[in-house]
Each structure stands twice: as C-alpha cells, then as structure tokens.
Amino acid sequence: QVQVVESGGGLVQAGGSLRLSCAASGSSFSVNTMTWYRQAPGKQRELVAIISSGGATTYVDSVKGRFTISGDNAKNTAYLQMNTLKPEDTAVYYCNVVAKTGGRLGWYNYWGQGTQVTVSS
C-alpha cells in the first residue's frame, strides 16, 4: 500500500502564493506519476498538473505560467508552487500517485485526502 498526504493549503488573497506538498510513503513501491487535481464546489474534479518520474510536466491551460509542479524522487514528494492566485483557483486540491508496489502486478492509483485552498478577492 501507498499512503499519500497533501499539505500546504490555506487562505490567501488574490495575487498571493501558496506551495502545496504531496508526500507518498509505504514499503517497496515505485512511482510512475504524481498529479495534482482540484475540485471546486459544484464542479467536477479537474487535472491541474502532472509530473512523471522522469520529470516531464503537463499543465491545464488555466494555470500555465502561474503554477509550477516539481518533484523530489528521493523523497517521493511532489510540490505545486502556485503564484498569482485567483479566486477561481479556490478548491480542494488532491494528489494522485500512480505507483507499483512490490507485491502486486501493474500500476495503481492512490489518492490523498485533499487540502483546501481558498483565494479571497
């Protein structure tokens, strides 16, 4: 099993910054990708940014130029640096980890509990 824990959310004014962290832990696992999703009230969950174990990144158009995803493979941790935040960025941010564990075949999805980001206008 892989445990995923997000941290770093909070309340910030528009134009401000926050840095989210996603830490994956467990025994004998290998990470393929780490992805940040967000879900605002009444809306579907959407992909925000993804980073592969090789460092390749992809962003949703609405955050390009403002958000940066990075990773530390040694710590199995991904970060999401969010700058120039807007009220529409308000959501619960979830981390998804695709990983393979020693005792199972194939890649599996693991989710964290989410961290709230609120941007006031």
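No experiment lies behind these values; they were computed from the predicted model shown. (Residues numbered from 1 in each chain as written. Predicted model: local features only at pLDDT ≥ 70, side-chain atom pairs only at ≥ 80, totals over all residues. Heavy atoms only, no water.)

S.K.: Honestly, the pattern of salt bridges in this entry has me stumped. Any pointers?
M.R.: It is possible for side chains bearing opposite charge to pair when their charged atoms get close. This model, assessed by the stated rule, comprises four salt bridges. A salt bridge links R38 to E46; the shortest N-O distance between them is 2.6 Å. Residue class for R38 comes out buried when judged on its relative accessible area of 6%. One salt bridge in this structure joins R66 and D89, with 2.8 Å as the shortest N-O distance. Of this pair, R66 sits in the loop between strand 6 (57–59) and strand 7 (67–72) while D89 sits in the loop between strand 8 (77–82) and strand 9 (91–101); the two residues are 23 residues apart in sequence, bridging distant segments of the chain. Looking at R66, the relative accessible area reads 10%, which means it is buried. Looking at D89, the relative accessible area reads 1%, which means it is buried. Counted as one network, the salt bridges with shared partners bring together R38, E46, R66 and D89. (Salt bridge = Lys/Arg side-chain N within 4 Å of Asp/Glu carboxyl O. Buried < 20%, exposed > 50% of the residue type's maximum accessible area, 1.4 Å probe, protein only. Helix = DSSP H or I, 4+ residues; strand = E, 2+ residues; numbered from the N terminus.)

S.K.: Would you explain the packing of aromatic side chains in this entry?
M.R.: The description of an aromatic ring pair uses the distance of the two centres, along with the angle that the planes make with each other. Overall, the coordinates contain one aromatic pair when judged by the stated rule. Judged by centre distance (5.1 Å) and plane angle (50°), the ring pair of Y37 and W111 falls under tilted. You can see Y37 sitting in strand 4 (residues 29–39) and its partner W111 sitting in strand 10 (residues 108–111), a full 74 residues away along the chain. Given a relative accessible area of 37%, W111 falls into the partly exposed group. Sitting over the face of the ring of W111, R45 holds its NZ or CZ atom 4.8 Å from the ring centroid. (Phe/Tyr/Trp six-rings, centres within 6.5 Å; stacked < 30°, edge-to-face > 60°. Lys NZ or Arg CZ within 6 Å of the ring centre and 35° of its normal.)

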